[in-house]
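What the coordinates show
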Amino acid sequence: MLSELVAFDTTSRNSNLELIGWIEARLSDLGARCERIASADGSKANLHAVIGPDVDGGVVLSGHTDVVPVDGQDWSSDPFALTERDGRLYARGAADMKGFIACALAAAPDFAKADLKRPVHFAFSYDEEVGCLGAPAMIERMAGAAPRPSCVIVGEPTDMRVVTGHKGLYSVRVEVTGKEAHSSLVGDGACAVTHAVPLMQFLVDEAERLRAAAPEDSPFDPPFGTLTVGRMGGGTAVNILAKSAWFEALMRPAPWDDGPGLGARLMDKARETEVKMRETAPEARVAVTVMSDVPPMSPEDEGEAEQLARALTGDNAPRTVAYGTEAGQFQQAGFSAVVCGPGSIAQAHQPDEYVEIDQLAACLDFLRKLERRLTAS
């Protein structure tokens, strides 16, 4: 199953419709009730499928179908052809996260044959790797329709250990448009690069504020929310006031941080900068675009998803991670959620990405135990 899945090049810049169609056909053959939730332009789709009785209280197995690019990476084998070496399976997406989807699909026939008292929901999304862009529309549909699941297991790679909290993801692109002029005549123009610098410095200062805001008992590593300016550009020559400049920044907020609030403060600063630039360049403009806004997942107090995952794995250790997933989006919509899946996040996005066969075996055992639980309850 994993060999079939990785053969689809679902790099985020590509459509995932062929893969979604392949999965949908297999689940439909098992009697699953399937629904596609397409992207606005129709080039991609989420898939929500249900096996089992039409009742509330089901369990969601959630995963994303897209993968990151292999461009510029030095692979030892074809990244889109599964290769086995020394107990490991190598391919793009083997760990992040087609390994979990393969296990879920391999377990689906057993779910279909079982006398389930509560259903299994398969929730496969698009564009997770570029900001969890696909999942919200599917989650909104699931939250507003019957039957309503009671908890969600997101199968991102955690070495099959239970993760109950993670940071979020909030990213912005800032574009500054000024007016070109000779660099000696600063009153004749407005240098976009010069005016972009204080906006970047504002974010640097905010990063320090996030560091100071972290509680002493923070469960995260690093213990504070982080904020970095990752990309920037602009200008044509050192002796010309730059007409344009841009930069992109990424915040990974902890549950006590406020990503949208920071974005609002940045927009206020951008408007102030625009007013100042227009003193010498009426056409000046500063635009802030929010590229992603993924909420963090907070550890729940006696959450149903955590209790279920701990019962299935025997893992009772407290654990959080610094990366984000759609689990925060499910939780924001009122679902209990955890993250637990095969493979290591250390392999994600790497050349020669792999998942250990033993990890897939552990995931299959997890799903067999889930089947018995849903049959008994």
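Residues numbered from 1 in each chain as written. Predicted model: local features only at pLDDT ≥ 70, side-chain atom pairs only at ≥ 80, totals over all residues. Heavy atoms only, no water.

The name recorded for the protein in an unreviewed UniProt entry is Acetylornithine deacetylase, from Marinicauda salina. UniProt lists a comment for the protein under the heading Cofactor (unreviewed entry), and it reads "Zn(2+)". (UniProt positions renumbered as here; feature names shortened; annotations may be inferred.)

Some points on the environment of Phe 366
Here Phe 366 lies in helix α9 (residues 357-376). In the structure, Phe 366 is positioned 54 residues away from Leu 312 in sequence and 5.8 Å away in space, judged by C-alpha atoms. Leave out the neighbours within four places in its chain, and Phe 366 touches Ile 153, Met 160, Ala 309, Leu 312, Thr 313 and Cys 340. (Helix = DSSP H or I, 4+ residues; strand = E, 2+ residues; numbered from the N terminus. Contact = heavy atoms within 4.5 Å.)

Looking at the UniProt feature "domain: Peptidase M20 dimerisation" (unreviewed entry) in the protein
Here, UniProt's "domain: Peptidase M20 dimerisation" (unreviewed entry) annotation points to residues 164-273. For residues 164-273, the helix share is 34%, the strand share is 26%, and the end-to-end C-alpha distance is 41 Å.

Details of the pairing of strand β14 (residues 336-339)
Of the two faces of β14, the one lined by Ser 336 and Val 338 and the one lined by Ala 337 and Val 339 are each fully buried. As paired strands, strand β7 (residues 151-154) and β14 are joined by 4 bridges and run parallel to one another. Following the sheet pairing, Val 154 is matched in β14 by Val 339. (Buried < 20%, exposed > 50% of the residue type's maximum accessible area, 1.4 Å probe, protein only. Pairing = 2+ DSSP bridges.)

A word on the pattern of salt bridges
Within this structure, the stated rule accounts for 19 salt bridges. For the salt bridge of Glu 304 with Arg 118, the shortest nitrogen-to-oxygen distance reads 3.7 Å. Highlighted residues: Glu 304 in helix α7 (residues 304-313) and Arg 118 in the loop between α3 (98-113) and β6 (120-125), separated in sequence by 186 residues. On the basis of relative accessible area, Glu 304 is assigned to the partly exposed category, the value being 36%. With a closest N to O distance of 2.9 Å, Arg 310 and Glu 306 form a salt bridge. Placement of both Arg 310 and Glu 306 in helix α7 is noted, with a separation of 4 residues, approximately one turn of the helix. We note that Arg 310, like Glu 306, is buried. The network of salt bridges with common partners includes Arg 173, Glu 175, Arg 231 and Glu 248. (Salt bridge = Lys/Arg side-chain N within 4 Å of Asp/Glu carboxyl O.)

Regarding helix α2 (residues 17-29)
A rise of 1.5 Å per residue sets the reference length of α2, with its 13 residues, at 18 Å; its end C-alpha atoms lie 18 Å apart and thus fit the reference within 8%. Within the span of α2, buried status applies to Leu 19, Ile 20, Trp 22, Ile 23, Glu 24 and Leu 27. Those residues of α2 that are buried are in contact with α1 (2-6), β1 (33-38), β2 (45-51), α3 and β6. Gly 31 occupies a position one or two residues after α2 and carries a positive phi of about 90°. (Expected span 1.5 Å × (residues − 1).)

Some remarks on helix α5 (residues 192-213)
Counted at 1.5 Å a residue, the expected span for α5 with its 22 residues is 32 Å, and the 32 Å between its end C-alpha atoms agrees. Those residues of α5 that sit buried are Ala 192, His 195, Ala 196, Leu 199, Met 200, Phe 202, Leu 203, Glu 206, Ala 207 and Leu 210. Buried residues of α5, viewed axially, fall in a sector of 150°; they line one side. In the core, the buried residues of α5 are packed alongside β9 (169-177), β10 (226-234), β11 (244-252), α6 (259-277) and β12 (285-294). (Arc of directions from axis to C-beta.)

Structural notes on unusual backbone geometry
With an omega of 0°, the peptide bond between Ala 146 and Pro 147 qualifies as cis. Here Pro 147 lies in the loop between α4 (135-144) and β7. At the junction of Asp 221 and Pro 222, the peptide bond is cis and its omega measures out at -5° in the coordinates. For Pro 222, the location among the structural elements is in the loop between α5 and β10. Located in the positive-phi region is Asp 86, a residue other than glycine, with phi close to 55°. By the element assignment, Asp 86 lies in the loop between β4 (83-85) and β5 (88-90). The phi dihedral of Asp 127 is positive, around 55°, even though this residue is not glycine. One can find Asp 127 in the loop between β6 and α4. Judged by its relative accessible area of 10%, Asp 127 falls in the buried class.

Quick notes on the sheet that holds β5
Here 3 strands make up an open sheet; going across it, the order is β4-β5-β15 and the pairing antiparallel. Across the chains shown, the open sheet's two edge strands, defined by having one partner strand only, are β4 and β15 (354-356). Pairs of neighbouring strands in the sheet enclose a mean axial angle of 25°, with direction left out of account. One ladder, built from 3 bridges, connects β4 with β5; its direction is antiparallel. (Axes fitted to C-alpha atoms, helices over the stretch in contact; angles between N-to-C directions.)

Comments concerning the sheet that holds β11
Each strand in a sheet pairs with another by means of backbone hydrogen bonds, the pair being arranged parallel or else antiparallel. In spatial order, the strands read β10-β11-β9-β12; together these 4 strands make up an open sheet with antiparallel pairing. Bordering the open sheet on either side are β10 and β12, each of which pairs with just one other strand. Strand after strand, the sheet turns through a mean of 15° between neighbouring axes, direction not considered. Bridge count between β9 and β12: 9 bridges; the pairing is antiparallel.

Regarding the domain arrangement of the protein
According to the domain assignment, the protein consists of domain 1 (1-166 + 295-375) and domain 2 (169-294). Inter-centroid distance (C-alpha atoms) of domain 1 to domain 2 is 35 Å. Counting residues at the interface gives 16 residues for domain 1, matched by 12 residues for domain 2. Taken together, the two surfaces of domain 1 and domain 2 that pack against each other cover about 920 Å², and 65% of this comes from carbon and sulfur. Between the two partners, domain 1 and domain 2, sit 0 salt bridges. Summed over the shared surface of domain 1 and domain 2, the result is 1 residue pair in polar contact (both at pLDDT 80 or more). For the side of domain 1 that touches domain 2, the elements supplying multiple residues, two or more each, are β8 (165-166) and β13 (320-321). Taken together, the residues that form the side of domain 1 that touches domain 2 break down as 8 nonpolar, 8 polar and no charged. (Domains from an automatic or database assignment. Buried area = accessible area lost by both parts, 1.4 Å probe. Polar contact = N/O pair within 3.5 Å; in protein donor to acceptor, adjacent residues only side chain to side chain. Nonpolar A, V, L, I, M, F, W, Y, C, P; charged D, E, K, R; others polar.)

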